[in-house]
Amino acid sequence: QGFDLVIIIAALVCDGAPDRVLVLEQDEISTQTGLLSAHGLGVAEALALGRALGDLPPALQLLGITIDPVAASSEIKPGIVTELWDHIFQQVVSA
């Protein structure tokens, strides 16, 4: 509560290529198919709960790092980290 924008960063299992950053707006998250949080309970389910409770921020983005579930490691490539920080910086500057 009290924030105009919330940015969630999560690892996502998807059908596409690994090591990509997906930027999804709040209204796009529940409509995406083939995405699954690496934690089992997805962001879409958490947002559905927040929506039902009337407790979502005006703007929310998901920065999803795509992973390969078979070869998943805890290592994130430096280019991915740079891309994430660049996106977050742009959002903060434009706020």
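In this report, we go over the structure that sits alongside the text. (Residues numbered from 1 in each chain as written. Predicted model: local features only at pLDDT ≥ 70, side-chain atom pairs only at ≥ 80, totals over all residues. Heavy atoms only, no water.)

### Here we look at the overall build of the chain
Note the cut-off: A helix here means a DSSP run of H or I that spans at least four residues, while a strand means a run of E at least two residues long, and both kinds are numbered starting from the N terminus. Burial here depends on accessible area, computed with a 1.4 Å probe over protein chains only, as a share of the maximum for the residue type. Under 20% is buried, over 50% is exposed, and the range in between is partly exposed. Accessible surface area values rest on a Shrake-Rupley calculation with a 1.4 Å probe, where residue burial reflects the displayed protein chains alone.
Secondary structure summary: the chain contains three helices and four strands in total. In the chain, the succession of α and β elements from N to C terminus is β-β-α-β-α-β-α. Split into buried and exposed, the 95 residues of the chain put 29% on the buried side. Of the accessible surface of the chain, which amounts to about 6300 Å², a share of 58% is contributed by carbon and sulfur atoms.

### Brief notes about helix α3 (residues 78-94)
As a reminder of what qualifies: Multiply 1.5 Å by the residue count of a helix minus one, and that product is the helix's expected span. Here, the arc refers to the directions that run from the helix axis to the C-beta atoms. Every residue pair with non-hydrogen atoms within 4.5 Å of one another is taken to be in contact.
Taking 1.5 Å as the rise per residue, α3 with 17 residues should run 24 Å; its terminal C-alpha atoms sit 24 Å apart, in good agreement. Restricting attention to buried positions, one finds in α3 the residues I80, L84, H87, I88 and Q91. Considered in projection along α3, the buried side chains sweep an arc of 95 degrees and stay on one side of the axis. Along α3, the residues that are exposed and aim more than 90 degrees away from the buried face are P78, W85, F89 and V93. Lining the buried residues of α3 we find β1 (5-13), β2 (21-25) and β4 (59-67).

### Re a nonpolar patch on the surface
The condition is simple: Each patch groups residues whose relative accessible area exceeds 30% and which form no salt bridge, using 9 Å between like charges and 5 Å between nonpolar side chains of Val, Leu, Ile, Met, Phe, Trp and Tyr. The salt bridge definition used is simple: a Lys or Arg side-chain nitrogen within 4 Å of an Asp or Glu carboxyl oxygen.
A cluster of nonpolar side chains, I76, V81 and W85, forms an exposed patch at the surface whose accessible area comes to about 310 Å². With respect to the helices, strands and loops of the structure, W85 is situated in helix α3. With relative accessibility at 58%, the residue W85 sits in the exposed group.

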